[in-house]
Amino acid sequence: MDNAGIAAAFDEIAELMEFRGENPFRIRAYSNGARAIRDLDESVQSILADPDRDLAKVPGIGKTLVEKCQTLIDTGSLPALEKLRDQVPDVLIQIARIPGLGAKKAVKLQEELNIQSLDDLRKACQTDEVANLKGFGKKTQASILDGLQIAQASAERIYWSDGDSLARAISRHMEQCEGIETMQWAGSYRRGKETIGDLDLLVVAEEDSPENRNAVMDHFESYADRTQTIGRGETKVSIRVGKAFQVDMRMVAPEQFGAALQYFTGSQAHNIHTRRLAKERGLKINEYGVFRDGEDQPIAGSTEQDVYEAIGLPWIAPELREDRQEFQWASSDQLPDLIDVDDIVGDLHMHTNATDGTATLREMADAAIERGLKYIAITDHSQRVTMAGGLDPDRLLEQWAMIDDIRSEYDGRLMILKGIECDILEKGGMDLPDDVLAQGDWVIASVHYGQKQPRDQITERILGAIENPHVDCIAHPTGRLINRRPPYEVDMDAVLHAAKEHDTIMELNANPARLDLNDVHLAAAKKLGVPIVISTDAHSTDGLDVMRFGICQARRGGLTKDDVVNTLSWTKFRKLVKA
DNA sequence: GCCGTTTTCGGCCCGACTGTTTTCAGTCG
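Here is what the cut-offs are and how they apply
- Residues numbered from 1 in each chain as written.
- Chains lettered and ligands numbered in written order.
- Predicted model: local features only at pLDDT ≥ 70, side-chain atom pairs only at ≥ 80, totals over all residues.
- Heavy atoms only, no water.
- Helix = DSSP H or I, 4+ residues; strand = E, 2+ residues; numbered from the N terminus.
- Rg over C-alpha atoms; globule rule 2.2 N^0.38 Å.
- Buried < 20%, exposed > 50% of the residue type's maximum accessible area, 1.4 Å probe, protein only.
- Contact = heavy atoms within 4.5 Å.
- Lys, Arg positive; Asp, Glu negative; His and termini not counted.
- Charge placed at Lys NZ, Arg CZ, Asp CG, Glu CD.
- Polar contact = N/O pair within 3.5 Å; in protein donor to acceptor, adjacent residues only side chain to side chain.
- Arc of directions from axis to C-beta.
- Near = heavy atom within 4 Å.
- Nonpolar A, V, L, I, M, F, W, Y, C, P; charged D, E, K, R; others polar.
- Pairing = 2+ DSSP bridges.
- Axes fitted to C-alpha atoms, helices over the stretch in contact; angles between N-to-C directions.
- Domains from an automatic or database assignment.
- Buried area = accessible area lost by both parts, 1.4 Å probe.
- Phe/Tyr/Trp six-rings, centres within 6.5 Å; stacked < 30°, edge-to-face > 60°.
- Lys NZ or Arg CZ within 6 Å of the ring centre and 35° of its normal.

Caption draft 1: Geometry of the overall build of chain A. Of regular secondary structure, chain A possesses 24 helices and 17 strands. Relative to the 2.2 N^0.38 estimate, which gives 25 Å for 579 residues, the radius of gyration of chain A is 26 Å and therefore close to what a compact globule would have. Judged by the C-alpha coordinates and their principal axes, chain A covers about 75 × 60 × 50 Å. Relative to its 579 residues, chain A shows a buried fraction of 52%. The contacts of chain A with a sequence gap of at least 6 include a subset with a gap of at least 24, amounting to 66%. Across chain A, the centroid of the 68 positively charged side chains sits 4 Å from that of the 97 negatively charged ones.

Caption draft 2: The side chain of His381, seen in detail. Mapped onto the secondary structure, His381 falls in the loop between strand 12 (375–378) and helix 18 (393–406). Relative accessible area serves as the criterion here: at 5%, His381 is assigned to the buried category. A distance of 3.3 Å separates a polar atom in the side chain of His381 from a polar atom in the side chain of Asp356. With residues up to four places along the chain from it excluded, the contact list for His381 reads His351, Thr355, Asp356, Ala388, Gly390, Leu391, Ile420, Glu421, His448 and His539.

Caption draft 3: Seen up close, helix 24 (residues 570–577). Every buried residue of helix 24 is accounted for by Trp570, Phe573 and Val577. Each buried residue of helix 24 lies within a common arc of 65° when the element is viewed along its axis, so the set occupies one face. For helix 24, the exposed residues lying more than 90 degrees away from the buried face are Thr571, Lys572 and Lys575. The inward-facing, buried residues of helix 24 contact strand 12, strand 13 (415–423) and strand 14 (442–446). Phi for Lys578, located one or two positions after helix 24, is positive at around 55°.

Caption draft 4: Spotlight on the protein's contact with DNA strand B. Around DNA strand B there are 39 residues in total, and Arg28, Gly102, Gly137, Tyr263 and Arg275 lie nearest to it. Within 4 Å of the protein, the atoms of DNA strand B are drawn from sugar and phosphate moieties in a proportion of 68%. A distance of 3.3 Å separates a base oxygen of DNA strand B from a polar atom in the side chain of Asn23. At the level of elements, helix 2 (24–38), helix 4 (63–75), helix 7 (103–113), helix 9 (138–153), helix 14 (268–280) and strand 8 (283–286) are the ones that each hand at least two residues to the surface near DNA strand B. Per element, the largest residue contribution to the surface near DNA strand B is five residues, and it comes from helix 2. Its residues assigned to classes, the surface near DNA strand B comprises 16 nonpolar, twelve polar and eleven charged.

Caption draft 5: How the structure looks around the sheet that holds strand 10 (residues 298–300). Spatially, three strands are ordered 8-9-10 in an open sheet, and the strand pairing comes out antiparallel. Both outer strands of the open sheet, strand 8 and strand 10, are each paired with one neighbouring strand and no more. When strand polarity is set aside, the average angle formed by the axes of neighbouring strands in this sheet is 40°. With two bridges connecting them, strand 9 (residues 289–292) and strand 10 associate as antiparallel partners. Residue pairing for strand 10: Phe291 is matched across the bridge by Pro298.

Caption draft 6: Geometry of the domain arrangement of chain A. When the domains of chain A are assigned, the result is domain 1 (3–87), domain 2 (90–153), domain 3 (158–252), domain 4 (262–331) and domain 5 (341–577). Just the C-alpha atoms count here: the centres of domain 4 and domain 5 sit 39 Å apart. Counting residues at the interface gives five residues for domain 4, matched by six residues for domain 5. Counting the surface lost from both domain 4 and domain 5, the interface buries some 530 Å², and carbon and sulfur atoms represent 45% of this.

Caption draft 7: Geometry of the sheet that holds strand 4 (residues 198–205). As summarised here, the arrangement of the five strands in space is 2-4-7-6-5, forming an open sheet in which the pairing is mixed. Taken across any chain shown, the strands that pair with only one partner, and hence form the sheet edges, are strand 2 (180–185) and strand 5 (226–232). For this sheet the average axis-to-axis angle between neighbouring strands, irrespective of direction, equals 20°.

Caption draft 8: View of unusual backbone geometry. That bond from Gly266 to Ser267 is cis: its omega, -5°, falls within 30 degrees of zero. Residue position: Ser267 is located in the loop between helix 13 (257–265) and helix 14. In the Ramachandran plot, Asp503 falls in the positive-phi region, its phi being about 55° despite a non-glycine side chain. Looking at the secondary structure, you find Asp503 in the loop between helix 21 (492–501) and strand 16 (505–509). The exposure class of Asp503 is exposed, given its relative accessible area of 66%.

Caption draft 9: Quick peek at the packing of aromatic side chains. All chains considered together, the criterion is met by nine aromatic pairs. Ring geometry for Tyr375 and Phe573: centres 4.9 Å apart, planes at 20°, overall stacked. Of this pair, Tyr375 sits in strand 12 while Phe573 sits in helix 24, placing them 198 residues apart in sequence. The residues Tyr375 and Phe573 share a single accessibility class, namely buried. Taken together, the aromatic side chains of Trp160, Trp185, Tyr189 and Phe549 make up a single cluster linked through ring pairs. Taking NZ or CZ as reference, Lys105 lies 5.7 Å from the ring centre of Phe136, over its face. Between Lys284 and the ring centre of Phe291, over which it is positioned, the NZ or CZ distance is 5.9 Å.

Caption draft 10: Layout of the pairing of strand 5. Across five bridges, strand 5 lies against strand 6 (residues 236–241) in antiparallel orientation. From the neighbouring strand, Arg226 faces strand 6, where its bridge partner is Val241. Two successive antiparallel strands, strand 5 and strand 6, enclose a turn made up of three residues.

Here it is, written out as structure tokens:
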């Protein structure tokens, strides 16, 4: 069982324990354990197998969880989890997913009204049985009925890129409101997380007063795509946009803006850590500022820098705030200078209408120049990818000859590399002969078929590609499509070590549905010194614009300009790939 | 269940909001 599987098991234990009314700190210990394992940059299995290593040294993992990891790896299951699954009916989990309901209320509904399905719950609401239950009432009943509609639609988090479009649209709307001093998005959107569950906007009103705050909140509520106002108080409005997506706006006093921004940016785990550090220094941090114990006057809070400074740390970039490495880096003055989209000068994965792209080679080249790129690689599919009209040797060599021909047109403006996205065949081996690959400048290898093969087999295929001297890069190394398709079972430890050994570059595919490698893998690659290329995998000229989504993920992995090869000037990059 | 520069017990981040209550529990982030 891999780390993701172990983490999922611990998360499920934590979730199920809620319904059993267990000690909340014990529940949190399982959640923390799950997170620690998910964030680990090597496999639990390999740590356990090494007698010189101790998994219990990982913060959040103790003796008990080590034993449970071992059991999961040995047997694939966990008696404690099986028992909980037997004890907790599925309907409880479904009920608790309804906004406003949690484990306690779910249990009460299920036990007192004998609810066996969400349909039972709907009927119980319609007959006022819920409203008559102690601890419930008319309003709760109404919100449950509401929530039954929404629960399904809001189950899925949206891509960061979609959240970004929405946030920009709302920003444009808010910019038309007079009386806003400052506004800033917080939450997982600001942290650049690959998916986001809601949006949080912080606003400081000009001449902060109740009237002015109200005017800003009114304007927020007038957003054209608002479908519902979920709640509105003196400082906060929550609206629903479209079917189910929630957007919160909070009014903040200017002297508290930094503390609020820090607080609402999260992550929760990061905040818990900062507040623990504060406590150790006799301080308290909340969304209003930093306070000495027992005092009412804040000693910091107007900027995030002040908040971090109060606990002796430099400002930490939002993308790093997951309670992974960032506190260790910050306290030892080793925070990475994260890569920026402006650092990118090349794009080394794109398709043309020779296969499944929509634009011609020249159109892609021109679009790359418009975007300030200095070099690109044309990497159409190879023959095995029949659906895309993949290139056989003859067509590929023809395309490469054409690139040779037009290079002079682009001389001094753009270097066009003769590339290919060559399939790694199901049986192993490359889809094009070595003597053909040898004639290209840039060969990326990727898996498209046989994605469901067992771990050993798919890992062997990728290792084979890494060992091939003509292969420069492994594209979308896990094949996952966020919310749609799980990653292939691949031993990423082995792949990264092999990449290091053979000087093979690993791709971070910037497509918002892929973002593959993910942040944890990127951190692992960086630690090993495996070079990364961030590529758009564009299938049209517009497709070149997804680069910035890849940059978000790279930043979350802690990557700097030096970790990413397509930040290199053409002269330096050319030496690297010997093109 | 984890953890330790007040260590092997007794803590574990912090506050808002809601709806239900007459002082609080549950939920959420």
